[in-house]
Amino acid sequence: MTKKEPMNIHFQDITCTVPIQCNKFWNKEQKHILKNVSGDFQDRKLTAIIGPSGSGKTTLLDIISGYRIKNVSGYVYVNGEQRNIKKLIKQSCYVMQNDTLQSLVTVQEEMAFVINLKLDVNVTLDYKEILILEILKKFSLIEYKNTLIKNLSLDDRRKLAIALELISDPPILFLDEPTNGMDTKSAKEYFEILKKLTLEGRTVVCSIRHPNTSLLNFFNNAYFLYEGRCIYQGTVHNLIPYLFANNFECPLHNDSVEYVMEICSTDKSNHAENLSAAITNGKSQEWLDCPTCWSTIPLNTLNIRHIQRNEIEDSFQYTRSFKHQLYFLLKMISLTLARNRVIYIEMPVIKKEYLSGWYSLKAYFVASALIDVPTQTFFVIIFSSIVYYFTDQSLEIYRFTQFVIIMVLFGLLFQDYGMCVATFINTKVFSICILKMCLIA
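Please read these numbers as outputs of a predicted model, since none were measured by experiment.

Concerning unusual backbone geometry
With a phi angle near 55°, N79 is a residue other than glycine that sits in the positive phi range. Along the chain, the position of N79 falls in the loop between β4 (72-78) and β5 (81-82).

Here it is as structure tokens:
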């Protein structure tokens, strides 16, 4: 692993709204997910974004990492310079909460797929094999290298998700509730790995819903969110003094995180607003060990709403060329097809791999078509031959060829038609009903 440049992230006045339906006449109003929050994620520190469900943890991670820009305003800086999404995605990785791994390939095959897409064409095969083994050993996955990913435990799948991202050796890691569903022992092992990654020079930011004291102690800094506001930003060991300074005394043997959530959720209290005001909604760095001076930043130079198109256009400069992406995608889809006999990769997987810059959508579409069209054509020809013979059609090569071509074209047409309907309508049952009505019409 190469020596890494320090990566400090500063954000200010981040606001995010989503439209919600407020009555049966489809009138919509805006709901604020984040309310002008500010804060800092420091270099070589393991930072926890803590808050109850719906507090805005995932939304904040999506915004800072560049995965979400719609209905967002505010300022994001990396090392004192305005964020460039194209550059940030190259320097970071985002491990999402939901499972975004291929399920029908082995750990070794998935690692090889990613390493071939992420590393330069000049990297030797020996180096790739050594790198795969080193990363798998680091995450205690070497014994599962020939195991299908769908057969891995939840803990091992979460480890593999990080292992895949570390192939490109990013200096920034974002993780969305990675220990959700794990027991305390597994969560401790997971955070020990994250702690080691910070010692290697990385900035690691991790959202977590409700860590107990033993898990909280793994973190250097904590960033508390409640109802879209920041109510604390500082080191973990400064949390109790911060509460005491604001007239809240946590009982000696109480869980500090649970105590914070309890006082904020008390009926008819303004405790959350008071704590947010005390920390100036995240702008105060008083409770951090090493505050960073951002006073020289011209905050009027960056507004996410104004730059979203310029940042997203041509966001990815892929490591491998189109033909290399196509080749490795063909190999991966062929493996999936051989084990499942159906070309099916979940949309979250494709979205994650595309947004991480592994390959372009054009390469994925062409690869899918090159695998799918011959397969569909083969089965249509078999079906058409049987139908043509048993319906006592004229045994002429010319007529038979015309019949088969028409059947193949209809098969491909209605398959694409079905995909288009499914793209616009998320509900499976409703999509099938719409397709049936259109076919009958």
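Details of the environment of Y190
If you trace the backbone, Y190 turns up in helix α6 (residues 184-199). Spatially, the C-alpha atom of Y190 lies 8.6 Å from that of R158, the residues being 32 residues apart in sequence. Dropping the residues within four chain positions of it, Y190 is found in contact with R158, K159, I162, L175, P178, T179 and M182.

A short note on the confidence of the model for the chain
Per-residue pLDDT for the chain averages 82, and the proportion of residues at 70 or more is 85%. This stretch, residues 299-315, has a pLDDT under 50; its non-local contacts, to residues over four places away or in other chains, come to 36 contacts.

Some remarks on the nonpolar core
With 105 residues, the main nonpolar core has L60, M111, I162 and F224 as its most contacted residues. Here M111 is in contact with I132, I135, L136, L160, A163, L164 and I167, once residues within four sequence places are set aside.

A word on the sheet that holds strand β6 (residues 92-95)
Pairing in this open sheet of six strands is mixed, and the strands run β6-β7-β8-β3-β9-β10 from one edge to the other. Strands with a single pairing partner mark the edges of an open sheet, and in this sheet they are β6 and β10 (229-235). Adjacent strand axes in the sheet meet at a mean angle of 15° when their direction is disregarded. Sheet analysis places strand β3 (residues 46-50) next to strand β8 (residues 203-208), joined by five bridges and oriented parallel. Counted as the bridge partner of L46 is V204 from β8. Here helix α1 (residues 57-65) sits on the sheet and contacts β3, β6, β7 (172-176), β8 and β9 (221-226); the angle it forms with β7, its principal contact strand, is near 155°. Across the face of the sheet, helix α10 (residues 271-278) comes into contact with β9 and β10 while running at roughly 50° to β10.

Here is what the cut-offs are and how they apply
Residues numbered from 1 in each chain as written. Predicted model: local features only at pLDDT ≥ 70, side-chain atom pairs only at ≥ 80, totals over all residues. Heavy atoms only, no water. Helix = DSSP H or I, 4+ residues; strand = E, 2+ residues; numbered from the N terminus. Contact = heavy atoms within 4.5 Å. pLDDT = per-residue confidence, 0-100. Core = buried A, V, L, I, M, F, W, Y, C linked by side-chain atoms within 4.5 Å. Buried < 20%, exposed > 50% of the residue type's maximum accessible area, 1.4 Å probe, protein only. Pairing = 2+ DSSP bridges. Axes fitted to C-alpha atoms, helices over the stretch in contact; angles between N-to-C directions.

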